Amino acid sequence: MKKIILFVIIFLFQISLAQNERVAAIGNPSIAFKDFDLDLNLYDFGNNYAWLIEDHTFDVLYIRPSVNFQSGDYRRFYDPEKSSKYLLSFDGTKILKDGAFRGYVIYEIENRVNVNLALSRYPYNGVPFRMTDTTTGNFLYNGPRVGFQYSFIPVRDFYVGLDLNYQIVDGLKNIYSRAKSLWRNIDGSLNLAYKFSDDFVVGGKLTLLDNKESIEAKSEDLFDAEIFNFRGDTYAFRRRSQTVEQTYREKLARYDFATIISPVQDVTIGLKGNYLNSNLKTQFPYGTLKEYEEGHTVFEDYGTTLKMHYFPTKNLLFGFEGSFDNYSSWSRISEISLMVWKWKIQTITVGSGASYKFSSIPLILVSEIKYGKIKSDSSKYIDNIFSNYDEPFYSTIFSFEYEIFKKVFLRAGYNFNKFGFDVVRGGKDVSLSQFSAGIGIYDFKSIQIDYYISYAIQSNSFQNNKFLNSQLSIKIFNY
């Protein structure tokens, strides 16, 4: 259920909860910029939580309120007209005698305005089975996310990490069919790492996920609720009852490998790869059956990324990155084993960049560029719709950080992205321009304050979307 959402995060740089306000304020560079939360190590690059004890070496608590707004007419049939999201998070790290512990709590409220017909939280999740009613209305979602990471060293140079995350979100449509959505996600991972030397470490990770969304449309008067179950974009069957239910259930396993090598002084190389397989079942009550399986969808993803940092001088950093990702899926009607939809997306990306810290003035400049190709192949057999695209894309970042007063930093960045084909919304010649800015105030003994705001416009020849994101961080030491 995360495949298309993951694509948005990687290639459109939109409305994600930034984990680091400094990096977000300068446009989210990822190739040639170093920060506490953006380094070429197993934790930041490899997402391996066994390395938490090496990456986080002091007690700290982050308090982060944030808001995200989106509106525009460049949208798909089931997309909301506009949406707003409000989050408050508490994220703390404690250094223990035998390891390091990190825990977080996040509460989010999301209001989607004028959602057209769709009743599921993510109607465009790569699955052809969807549930709709006959009205356009607002959906209000709210709920908490909690999780923790724990890292320790049982024997010398051998690292073990564990993490567990749980999220539950309630959704309610404000008009008929007054549909209710209960979205629940639980995932955890086992992380292992071994340090052969200070210049060579390897790590592996196993992640398991269980995701479930239950939807209930219930009539509040003498009339039945009228619901349509779509198979593809054209064909649907109608269900009428006082209560109509449907469930999406996904189980996922993902395997990750990463290694960090420093072959010579001032050069660091990171290599990571992943493989993912998940099964999603679309179910609803039927007769005496509690859960009748309407459809079955399988996702398979794999990819690899190579990244390099080179410091010719202590103030100059050159970065290089190359990646390949393959996303594929097929869906069938379970009862008759009829193939409904089969699709595949491949991306190849190369990028480079540089950052320079001036010695004479308190200024850091950052510049990055990425170029790649997106190949997509979609066969919607049930709708007799077939498409194939092979289009380029590129992105650029220009940004700076300047210390305007002692321990007070001003930041700004500009991103420009161009896509020959947008695999998420289906547009051609799509561009995304983003302006970001922020400030950091570190002139306190035990508290640091960071803030960023960004504004983005995504458009094709006829339509556009606008995004406004803002986040404040209060960092408390020795709490």
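Remember, it's a predicted structure, so these values are computed and weren't measured experimentally.

Across its full length, the protein chain carries three helices and 20 strands. In terms of its C-alpha atoms, the protein chain occupies a principal-axis envelope of roughly 75 × 55 × 40 Å. Burial status across the protein chain gives 51% buried among its 479 residues. Summarising the internal contacts of the protein chain: among those between residues at least 6 apart in sequence, 63% fall at separations of at least 24. For the protein chain, the computed accessible surface area is about 22,200 Å², with 59% contributed by carbon and sulfur atoms.

When you line up the elements, asparagine 165 lands in strand E5 (residues 158–173). Side chain to side chain, asparagine 165 and tyrosine 104 meet in a polar contact 2.9 Å long. Those residues in contact with asparagine 165 that sit more than four places away from it in its chain are Tyr104, Val146, Gly147, Phe148, Asn185, Ile186 and Asp187.

Attention now goes to the nonpolar core. Counting residues in each nonpolar core, the largest one holds 34 residues, and the members touching the most others are Leu119 and Met131. Those residues in contact with methionine 131, other than ones at most four positions away along the chain, are Leu117, Ala118, Leu119, Ser120, Ile215, Ile227, Phe228, Val244, Glu245, Gln246 and Tyr248. Judged by nonpolar contacts, the second largest core, of 14 residues, contains Phe45, Tyr49, Ala258 and Ile260.

The next subject is the environment of serine 66. The topology assignment puts serine 66 in strand E1 (residues 60–72). Overall, serine 66 belongs to the buried group, its relative accessible area being 4%. The spacing of serine 66 and serine 89 is 23 residues in sequence and 8.6 Å in space, taken between C-alpha atoms.

Applying the stated rule across the entire model yields 25 salt bridges. Arginine 145 serves as the salt-bridge partner of glutamate 108, at 3.2 Å between the closest nitrogen and oxygen. Here the residue glutamate 108 occupies a position in strand E3 (residues 99–118), and arginine 145 occupies one in strand E4 (residues 129–155), the gap between them amounting to 37 residues. Here glutamate 108 falls in the buried class, since its relative accessible area comes to 4%. Residues joined by salt bridges that share partners form a network here, namely Arg22, Asp35, Glu401, Arg411 and Asp450.

With that out of the way, let us pick up the environment of phenylalanine 393. Its location among the elements puts phenylalanine 393 in strand E16 (residues 385–405). C-alpha of phenylalanine 393 to C-alpha of phenylalanine 311: the two residues are 82 residues apart in sequence and 28 Å apart in space.

Where strand E13 (residues 316–333) lies against strand E14 (residues 338–357), 18 bridges are found, and the strand directions are antiparallel. Across the sheet, residue aspartate 325 finds its bridge partner in E14, namely threonine 347. Relative to strand E15 (residues 363–380), E14 runs antiparallel, the two being bridged by 17 bridges. Bridge pairing in E15 places lysine 357 opposite isoleucine 364.

Let us now look at the confidence of the model for the protein chain. The pLDDT averaged across the protein chain works out to 93; a share of 95% of its residues lies at or above 70. The spread of mean pLDDT over the elements of the protein chain runs between helix H1 (residues 3–12), the lowest at 37, and E13, the highest at 98. With pLDDT under 50 throughout, residues 1–18 is counted as low confidence; its partners more than four residues away or in other chains account for 68 contacts.

Time to look at unusual backbone geometry. Cis geometry marks the peptide bond from tyrosine 176 to serine 177, where omega comes out at 15°. The residue serine 177 is located in the loop between E5 and strand E6 (180–197) in this model. Of note, the phi angle at arginine 178 is positive, near 50°, even though the residue is not glycine. Note on arginine 178: relative accessible area 29%, which makes it partly exposed. With a phi close to 60°, lysine 407 is a non-glycine residue in the positive phi region.

Let us look at the pairing of E1. Across 12 bridges, E1 lies against strand E2 (residues 82–96) in antiparallel orientation. Considered in E2, the bridge of asparagine 68 is made with lysine 85. Pairing of E1 with strand E20 (residues 464–477) involves 11 bridges; the strand directions are antiparallel. By the bridge assignment, isoleucine 63 is partnered in E20 with isoleucine 474.

Evaluation of the coordinates by the stated rule reveals 25 aromatic pairs. Ring geometry for tyrosine 414 versus phenylalanine 435: centroids 4.9 Å apart, planes at 40°, classification tilted. Of this pair, tyrosine 414 sits in strand E17 (residues 408–421) while phenylalanine 435 is found in strand E18 (residues 428–441), placing the two residues 21 residues apart along the sequence. We classify tyrosine 414 as partly exposed; its relative accessible area is 27%. A connected cluster of aromatic rings, assembled from ring pairs, spans Phe36, Phe58 and Phe477. Cation over ring: arginine 121 sits above tyrosine 141, and NZ or CZ is 5.6 Å from the ring centre. Note that lysine 380 overlies the ring of tryptophan 341, its terminal NZ or CZ placed 4.7 Å from the centroid.

Tracing the chain through its elements places serine 395 in strand E16. We classify serine 395 as buried; its relative accessible area is 9%. With near-sequence residues (within four places) excluded, serine 395 lies in contact with Glu368, Ile369, Lys370, Phe416 and Asn417.

Cut-offs and rules
- Residues numbered from 1 in each chain as written.
- Predicted model: local features only at pLDDT ≥ 70, side-chain atom pairs only at ≥ 80, totals over all residues.
- Heavy atoms only, no water.
- Helix = DSSP H or I, 4+ residues; strand = E, 2+ residues; numbered from the N terminus.
- Buried < 20%, exposed > 50% of the residue type's maximum accessible area, 1.4 Å probe, protein only.
- Contact = heavy atoms within 4.5 Å.
- Areas by Shrake-Rupley, 256 points an atom, 1.4 Å probe, with all protein chains shown as cover.
- Polar contact = N/O pair within 3.5 Å; in protein donor to acceptor, adjacent residues only side chain to side chain.
- Core = buried A, V, L, I, M, F, W, Y, C linked by side-chain atoms within 4.5 Å.
- Salt bridge = Lys/Arg side-chain N within 4 Å of Asp/Glu carboxyl O.
- Pairing = 2+ DSSP bridges.
- pLDDT = per-residue confidence, 0-100.
- Phe/Tyr/Trp six-rings, centres within 6.5 Å; stacked < 30°, edge-to-face > 60°.
- Lys NZ or Arg CZ within 6 Å of the ring centre and 35° of its normal.

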